[in-house]
Amino acid sequence: MSLSVFIAELDALASAAAQTFASAADAAALEAARVEFLGAKSGKLKDAQKGLGTVGKDDKPAAGKRFNEVKQAIEAAFAEAQTRLDASDAPVAAGPPFDPTQPGRRPRIGHLHPLTQTIEDLKEIMGRLGFSVAHGPEIEDERHNFEALNIPQAHPARDPLENFYLATAEKISGAPMLLRSQTSTVQIRVMENKKPPVRIISLGRVYRPDTADATHYPMFHQIEGLLIDKHVTMADLKSTLRMFASSYFGGEVHIRFRPSFFPFTEPSVEVDMQWNDRWIEMGGAGMVDPNVLRAVGYDPDEVSGFAFGLGVERVCARRHQVTDIR
Ligand code: FA5
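Right, let's walk through the structure included here. (Residues numbered from 1 in each chain as written. Predicted model: local features only at pLDDT ≥ 70, side-chain atom pairs only at ≥ 80, totals over all residues. Heavy atoms only, no water.)

1. Digging into the sheet that holds strand β8 (residues 278–288)
- With mixed pairing, 7 strands are arranged side by side in an open sheet as β1-β4-β5-β9-β8-β7-β6. The strands lining the two open edges of the sheet, one partner per strand, are β1 (132–133) and β6 (255–262).
- Here helix α5 (residues 114–128) sits on the sheet and contacts β1, β4 (198–207), β5 (219–229) and β9 (304–311); the angle it forms with β4, its principal contact strand, is near 165 degrees.
- Running over the sheet, helix α8 (residues 184–193) touches β4, β5 and β9 and is turned about 40 degrees from β5. (Pairing = 2+ DSSP bridges. Helix = DSSP H or I, 4+ residues; strand = E, 2+ residues; numbered from the N terminus. Contact = heavy atoms within 4.5 Å. Axes fitted to C-alpha atoms, helices over the stretch in contact; angles between N-to-C directions.)

2. With respect to the site of the ligand
- Every one of the 25 residues lining the ligand counts as a neighbour, but Q182, R208, D210, Y217 and E281 are closest to it.
- Within the side chain of R208, a nitrogen or oxygen atom sits 2.8 Å from an oxygen atom of the ligand.
- Between the ligand and the protein, one listed contact pairs an oxygen atom with a side-chain N or O atom of Q222 at 3.0 Å.
- A total of 680 Å² of accessible area belongs to the ligand in isolation, and the protein chains cover 94% of it.
- Listing elements by their share of the shell around the ligand, those giving two or more residues are α8, β5, β8 and β9.
- It is β8 that provides the largest number of residues to the shell around the ligand, a total of 5 residues. (Near = heavy atom within 4 Å. Polar contact = N/O pair within 3.5 Å; in protein donor to acceptor, adjacent residues only side chain to side chain. Areas by Shrake-Rupley, 256 points an atom, 1.4 Å probe, with all protein chains shown as cover.)

3. Description of the packing of helix α1 (residues 3–23) against helix α2 (residues 27–38)
- For the pair α1 and α2, the least separation of the axes is 10 Å and the interaxial angle reads 170 degrees. The orientation of α1 relative to α2 falls into the category roughly antiparallel. From α1, L13, A16, A17, T20 and F21 reach across to α2, where they touch L30, A33, R34, E36, F37 and L38.
- Its residues assigned to classes, the contact of α1 with α2 comprises 8 nonpolar, 1 polar and 2 charged. (Parallel < 35°, antiparallel > 145°, perpendicular 65-115°, else oblique. Nonpolar A, V, L, I, M, F, W, Y, C, P; charged D, E, K, R; others polar.)

The following block contains the structure:
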């Protein structure tokens, strides 16, 4: 083979190899190209090297020099392609480096319902005045919803049309059962189980077949308060409710007390709050009736007390300036 043919073949090989390496799109393609051109056994460069033995003796040094140049060029083209592919495999650096020691970000999952917030606030305010939280069942018997609260059998508040009586629960228990219509039931449950003094609140759902309107709903929440001790007076009740209202509404609220009637308090009042130049009923209250104290085994000559029951939706609505509890 003449020197010029040998060199022409080498040059063609060099440019073919450079093109193939440059166009290798991934590591597998590059490896196939490496085997094709630089393979130790049957690579094209190895084949070309065989031609070196066929050039004339005088041309050998020039042919050998040229062969080495082409070999280096092909190896360099391979190395370059390898660097290019390694770089494209590296993860794309986005933003600051990840720091595993940083505390995690808490996902936002909404917030407490305004009524739940109100209930928590009311517990906190009354807790500061020394009232602890008591619980009672939502399905009640007539003793706790009516009788012990001095509401006799013939009282209109016991009318089946004014209450949600539960036929299935009655079958199971053998006595009339109903969804409680007021949290005053919990007053009885607490006093049955505890000697005076008593200072509790109870918050929860109550149920009445009321037609829904801006201030009524068939299921709503009440906060009940009960304080029993020696020498408790109406002045204690009024100052407690005033303190409660100014703590919850922030001082800018006016409340008033109207004479009223509840079977379980004597005297009784209704408590109104002023809102948008109107008076809205917030709840009922009064001094615990001696008959109630007797029903739970307390001595009305020894202890006295006050109780109140407020509508949670009503105070919540006023705070958030919502004029319709629906
Ligand atoms: C009572 O339920 C008495 N147990 C309150 C009480 C407790 C008096 C302790 C004395 C001593 P009344 O039925 O008025 O009272 O209801 C109290 C409050 O619950 C009302 O002033 C009102 O704020 C709220 N309320 C009554 N019915 C509804 C209703 N359907 N929807 C929303 N809130 C209501």
